[in-house]
Amino acid sequence: MTRVADVAKPVVRWGLNHGMPRTALRLAARRGDLQARLFTAGGTTPTLGMTDLFDEIRARGAVSKGAFTYLTASHAVVREVLGRNDFRSGITPAAGFWGRLARWSSVAFLHPMAPPSLLVTEPPDHTRYRRLVTRVFTVRAVENLRGRTEEIANELLDTIDPTDPVDLVETYCGQLPVTVIAEILGVPPEQRGTVSTLGSAASPSLDMGLSWGQFRRVESALAAFDAWLAEHLEKLKANPGDNLLSRLVAAREDGVGLTDLELRATAGLVLAAGFETTVNLLGNGTALLHDNPAELAVLREDPALWPNAVDEILRIDPPVMLTGRTATHNTEVAGVPVPAGALVTTILAGANHDPAVFPEPRRFDVRRPNAREHISFSAGRHYCLGAALARMEGEVGLRTLFDRYPNLRLIPGATHRNTRILRGFERLPARLTPWPMH
Ligand code: HEM
């Protein structure tokens with residue numbers, strides 16, 4: 001009996017979360033539905049190639065109805081929905097038969113989109129988790145990492161032979177964030193490769209409509225990641241080190257700390273979010289700076305503009321395309337009635353291209369005065385916990401690369417990741433020096 005359930009549960013899970021939505025999305029895409037077009041645009045369509053679609057969605061109104069959810073690509077409305085208390089993260093579980101089926105088939109291991117992941121919990125639990133994490137993950141703790149991040153960036157570049165073509169995602173953009181976050185979380189160097197491989201394999205877990213093969217690969221990576229985390233946390237408990245995760249293990253509020261499950265969920269999310277997004281910031285930033293040499297020249301002239309340039313990169317080509325919130329009551333958004341339980345898809349990349357806030361939104365302008373008003377780190381209660389770290393890594397990573405290799409040239413063969421919510425390069429082949437140095 002158990003065996004049958006073991007086989008049946010993943011099939012049901014896939015059917016409910018991916019198989020049925022996949023078919024529905026395809027049918028809706030054929031009808032030209034904007035939401036289906038948004039959700040089915042995979043890695044082959046870079047976000048910068050989707051700005052017409054964002055404009056079309058905005059032209060329908062600040063809030064419009066897609067095939068499955070409400071949609072908004074308006075800067076004001078995205079920000080509003082993310083900040084409102086009558087909206088929550090996560091999806092309302094279905095009632096009746098479908099709800100029972102979903103509960104029966106639910107996963108036994110951690111998933112970034114299942115509680116107690118910070119991403120889908122709400123107060124009071126969310127407030128408690130966040131307070132404990134921010135107690136150790138302070139802006140000062142992050143600024144203290146700047147020097148070490150510079151060292152890591154230089155060490156990585158030292159290992160690359162600049163006379164050979166190189167894939168910058170594999171050797172640099174992917175390596176820098178994983179090395180930094182692994183040090184923060186006390187992951188031994190010999191385990192970083194495993195963590196990085198598992199994290200990348202699990203990254204489509206945020207997407208809807210995965211194929212059966214993708215779903216199986218994602219689930220086995222998530223299960224392996226969970227098992228690895230349990231072991232890692234046990235080691236840190238027995239032998240605390242000088243790292244933020246050891247401090248989180250020991251952190252208490254009114255004498256109460258995180259349970260083992262909460263610790264695994266929080267550490268796992270910080271770890272995976274710590275590199276699966278920043279790799280995209282570095283890759284997208286490299287491509288933008290390469291393709292806009294005049295903007296790179298502005299940065300050479302005035303390096304104090306680097307932090308603004310990183311925000312402009314985050315604005316124009318954000319690593320996370322969208323998120324969503326569910327209405328907890330019957331309500332209204334921008335004059336449109338939204339019933340309780342309905343989901344509003346907040347298109348972060350669309351908000352970042354809203355001409356009402358960013359004039360000439362498609363223009364990459366490292367001097368843009370309000371670049372920092374982008375919503376790439378979300379807003380409200382779930383505002384990205386790693387924003388300061390990501391900004392620092394973006395600045396150090398890109399600046400080190402272009403300072404050391406001012407003549408860096410991208411060469412043919414770049415590909416985008418096949419994830420829909422996380423957006424960035426899978427491969428970014430380059431020559432660091434335009435001709436052999438010897
Ligand atoms: C450029 C890099 C990054 C981007 C674009 C990014 C983006 C985001 C976004 C959009 C959310 C909120 C999703 C929502 O509202 O539903 C989020 C949440 C989060 N991010 Fe980041 N992130 C980045 C880097 C990082 C890093 C380096 C860390 C690790 C320290 C991190 C840790 C988290 C955590 C723990 C949350 C959950 C917060 C909560 O739900 O309260 N992120 N991030």
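See above for the structure.
This structure is a prediction, so every number in the text was calculated from the model and none was measured.

Definitions and limits used
- Residues numbered from 1 in each chain as written.
- Predicted model: local features only at pLDDT ≥ 70, side-chain atom pairs only at ≥ 80, totals over all residues.
- Heavy atoms only, no water.
- Salt bridge = Lys/Arg side-chain N within 4 Å of Asp/Glu carboxyl O.
- Helix = DSSP H or I, 4+ residues; strand = E, 2+ residues; numbered from the N terminus.
- Buried < 20%, exposed > 50% of the residue type's maximum accessible area, 1.4 Å probe, protein only.
- Pairing = 2+ DSSP bridges.
- Arc of directions from axis to C-beta.
- Contact = heavy atoms within 4.5 Å.
- Near = heavy atom within 4 Å.
- Polar contact = N/O pair within 3.5 Å; in protein donor to acceptor, adjacent residues only side chain to side chain.

Bringing the pattern of salt bridges into the picture now. Tallied over the full model, the rule gives 29 salt bridges. Between Glu231 and Lys235 there is a salt bridge, and its shortest N-O distance comes to 3.9 Å. Residue Glu231 and its partner Lys235 are both found in helix H12 (residues 212-238); the two are separated by four residues, about one turn of the helix. Relative accessible area serves as the criterion here: at 44%, Lys235 is assigned to the partly exposed category.

We now examine the sheet that holds strand E3 (residues 87-88). On the basis of which strands lie adjacent, the open sheet formed by five strands has the order E1-E2-E8-E5-E3 and mixed pairing. Edge strands, defined here as strands with exactly one partner in the open sheet, are strand E1 (64-65) and E3. Bridge count for E3 against strand E5 (residues 322-327) is two bridges, and the pairing is antiparallel. Across the sheet, residue Phe87 finds its bridge partner in E5, namely Ala327.

Let's shift gears to helix H3 (residues 51-59). If you check which residues of H3 are buried, you get Thr51, Leu53, Phe54, Ile57 and Arg58. Along the axis of H3, the buried positions cluster into a sector of 155°, meaning they face one direction only. Among the structural elements, helix H2 (34-40), E1, strand E2 (70-72), strand E8 (343-347) and helix H18 (348-352) are those in contact with the buried residues of H3. Residue Gly61 follows H3 closely and has a positive phi angle near 135°.

Bringing the site of the ligand into the picture now. Within the structure, the ligand sits among 28 residues, and His126, Thr323, Ser378, His382 and Cys384 are positioned closest to it. Separating an oxygen atom of the ligand from a side-chain N or O atom of Arg325 is a distance of 2.7 Å. In this structure, an oxygen atom belonging to the ligand sits 2.6 Å away from a side-chain N or O atom of Ser378. Breaking the shell around the ligand down by element, the ones donating at least two residues are helix H6 (125-136), helix H14 (260-276), helix H15 (278-291), E5 and helix H19 (387-404). Among the elements that line the shell around the ligand, the one with the most residues is H14, at four residues.

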